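Analysis of the macromolecular model
Spelled out from the first residue to the last, the chains are:
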Number of protein chains: 2
Amino acid sequence: MEPPYYAVIFSSQRTDGDHGYAAMADRMVELARQQPGFLGVESARGADGFGITVSYWATEADIAAWKQQTEHLMAQTLGRERWYAKYSLRVARVERAYGHSLQTNPDDTEPQSHRA
Amino acid sequence: MEPPYYAVIFSSQRTDGDHGYAAMADRMVELARQQPGFLGVESARGADGFGITVSYWATEADIAAWKQQTEHLMAQTLGRERWYAKYSLRVARVERAYGHSLQTNPDDTEPQSHRA
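What comes next concerns the included structure. Every chain's residues receive numbers from 1 upward, in the order its sequence appears when written. Chains and ligands are labelled sequentially in the order written, the chains with letters from A and the ligands with numbers from 1. The model is predicted, so local features are restricted to residues of pLDDT at least 70 and side-chain atom pairs to those at 80 or more, both for listing and for counting; the totals for chains, interfaces and linings are taken over all residues.

**Some thoughts on the interface of chain A and chain B**
A pair of residues counts as a contact when their C-beta atoms, built from backbone coordinates, are separated by no more than 7 Å. In this complex, chain A contributes 28 residues to the contact, which on the side of chain B involves 28 residues. Only DSSP runs of H or I covering at least 4 residues are called helices, and only runs of E covering at least 2 are called strands; the numbering of each starts at the N terminus. Listed by contribution, the elements that provide at least two residues to the side of chain A that touches chain B are β1 (5–14), β2 (38–45), β3 (50–57) and β4 (84–99) of chain A. If you tally residues by element for the side of chain A that touches chain B, the top one is β4 of chain A, at 14 residues.

Below is the structure:
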């Protein structure tokens, strides 16, 4: 996938304990893959509980649709109430990309899909 | 800082061992803070060695200047040769931001500056 495309940059500080978080995170990646315009996801979280997840989408409309997905809405609510001490979310238009290219085959994105 | 501004999304898979990486990472954050247009940085790396660093900049010209900074150029070369098994770098224009706002005071960004 060549730019331009869109990135959702989600950075967050986890609260202590799992409280269903890991299962939700896996489920959200599974659901996102089924959404129109989903291009891939990358995620990393350190031992200090600070993490960054970047998901990539073909259009802003695809991001809006994912934001409104029913099960995702529930996860957003639980995230604010339970899982995150703080977070920020940014929507950005990718203008240029270097290095290994973004994988568009869901199987190929697997190595980049690290649980947040 | 309100959008629009720019994000450099750097995702990478570390090789095994430190090989001077941690000291370089700290030094690059220290140098970036001194660059014109630097707004902040967020970074996370998991135990599997996959990490994401997002730095934020006022303009694309600021990013171009940082890319050409002498000591940073040396780090880029060593990164390709020694520290990263693979990486990707994307330049994106942040259109919207939610949650806690991006801190512009260097002292305030400290809690978000996690070593990659």
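**Digging into the relation of the copies chain A and chain B**
For this overlay, a least-squares fit was computed on C-alpha atoms, restricted to residues scoring pLDDT of at least 70 in both copies. With an RMSD of 0.0 Å, the operation that places chain A on chain B is a rotation of 180° combined with a shift of 0.0 Å along the axis. Each copy turns onto its partner about a two-fold axis.

**Observations regarding the sheet that holds strand β4 (residues 84–99) of chain B**
We treat two strands as partners when DSSP finds at least two bridges between them. Pairing is antiparallel in the open sheet, where 8 strands are placed in the order β2(A)-β3(A)-β1(A)-β4(A)-β4(B)-β1(B)-β3(B)-β2(B). Looking at strand neighbours, the two that pair on one side only are β2 of chain A together with β2 (38–45) of chain B, the edges of this open sheet. Going from strand to strand, the sheet's axes swing by 25° on average, the running direction of each strand aside. When β4 of chain A meets β4 of chain B, the two strands line up antiparallel, connected through 11 bridges. Its bridge partner lying in β4 of chain B, Ala 92 of chain A is registered against Val 94 of chain B. Each of β1 (5–14), β3 (50–57) and β4 of chain B is contacted by helix α2 (residues 60–67) of chain B, which is oriented at about 40° to β1 of chain B, the strand it contacts most. To get an axis, fit a line to the C-alpha atoms, keeping to the stretch in contact for a helix; angles then go from 0 to 180 degrees between the N-to-C directions.

**Considerations on the pairing of β3 of chain A**
Residue and element names in this part refer to chain A. Exposure classes come from backbone-placed C-beta atoms, where a residue is buried if 20 or more other C-beta atoms lie within 10 Å of its own, exposed if 12 or fewer do, and partly exposed in between. Of all 8 residues that make up β3, 8 are buried, and the element is covered over most of its length. Residues Phe 50, Ile 52, Val 54 and Tyr 56 of β3 are buried on one face, and the alternating residues Gly 51, Thr 53, Ser 55 and Trp 57, pointing to the opposite face, are buried as well. As paired strands, β1 and β3 are joined by 8 bridges and run antiparallel to one another. Among the inter-strand pairings, Tyr 6 is bridged to a residue of β3, identified as Trp 57. Bridge count between β2 and β3: 7 bridges; the pairing is antiparallel. Bridge pairing in β3 places Ala 44 opposite Ile 52.

**Observations concerning unusual backbone geometry**
For the bond from Pro 3 of chain A to Pro 4 of chain A, the omega torsion is 5°, close enough to zero to count as cis. Turning to its location among the elements, Pro 4 of chain A is positioned in the segment before β1. We note that His 19 of chain B has phi near 55°; this positive angle belongs to a residue other than glycine. Tracing the sequence through the fold places His 19 of chain B in the loop between β1 and α1 (21–33).

**A few points about α1 of chain B**
In an α-helix, one full turn covers 3.6 residues, which means residues spaced three or four apart are oriented alike. Residue and element names in this part refer to chain B. The span one expects for a helix is its residue count, reduced by one, times 1.5 Å. With 13 residues, α1 should reach 18 Å at 1.5 Å per residue; the first-to-last C-alpha distance of 19 Å fits that figure. Regarding α1, the residues found buried are Ala 25, Met 28 and Val 29. An end-on view of α1 places all buried positions within 100° of arc, on one side of the element. Turned more than 90 degrees off the buried face of α1, the exposed positions are Ala 23, Asp 26 and Glu 30. Packed against the buried residues of α1 are β2 and α3 (70–83). The directions from the helix axis to the C-beta atoms form the arc being described.

**Some remarks on the packing of helix α1 (residues 21–34) of chain A against helix α3 (residues 70–83) of chain A**
All names here are of chain A. Where α1 contacts α3, the two axes come as close as 11 Å, and the packing angle between them is 150°. One element, α1, and the other, α3, form an angle in the roughly antiparallel class. Pair α1 / α3 crosses with left-handed handedness. From α1, Tyr 21, Met 24, Met 28 and Leu 31 reach across to α3, where they touch Glu 71, His 72, Ala 75 and Trp 83. Residue polarity follows a fixed list, in which Ala, Val, Leu, Ile, Met, Phe, Trp, Tyr, Cys and Pro are nonpolar, Asp, Glu, Lys and Arg are charged, and the others, Gly among them, are polar. A class-by-class count of the residues in the contact of α1 with α3 yields 6 nonpolar, 1 polar and 1 charged. What sets the label is the angle itself: under 35 degrees gives roughly parallel, over 145 gives roughly antiparallel, 65 to 115 gives roughly perpendicular, and the rest give oblique. When the near helix sits turned anticlockwise from the far one by under a right angle, the crossing is termed left-handed; a clockwise turn instead gives a right-handed crossing.

**Side note on α1 of chain A**
With 14 residues, α1 of chain A ought to run about 20 Å at 1.5 Å a step, and its terminal C-alpha atoms sit 20 Å apart, in line with that. Buried positions along α1 of chain A lie against β2 and α3 of chain A.

The values are spatial; any link to function lies outside them.
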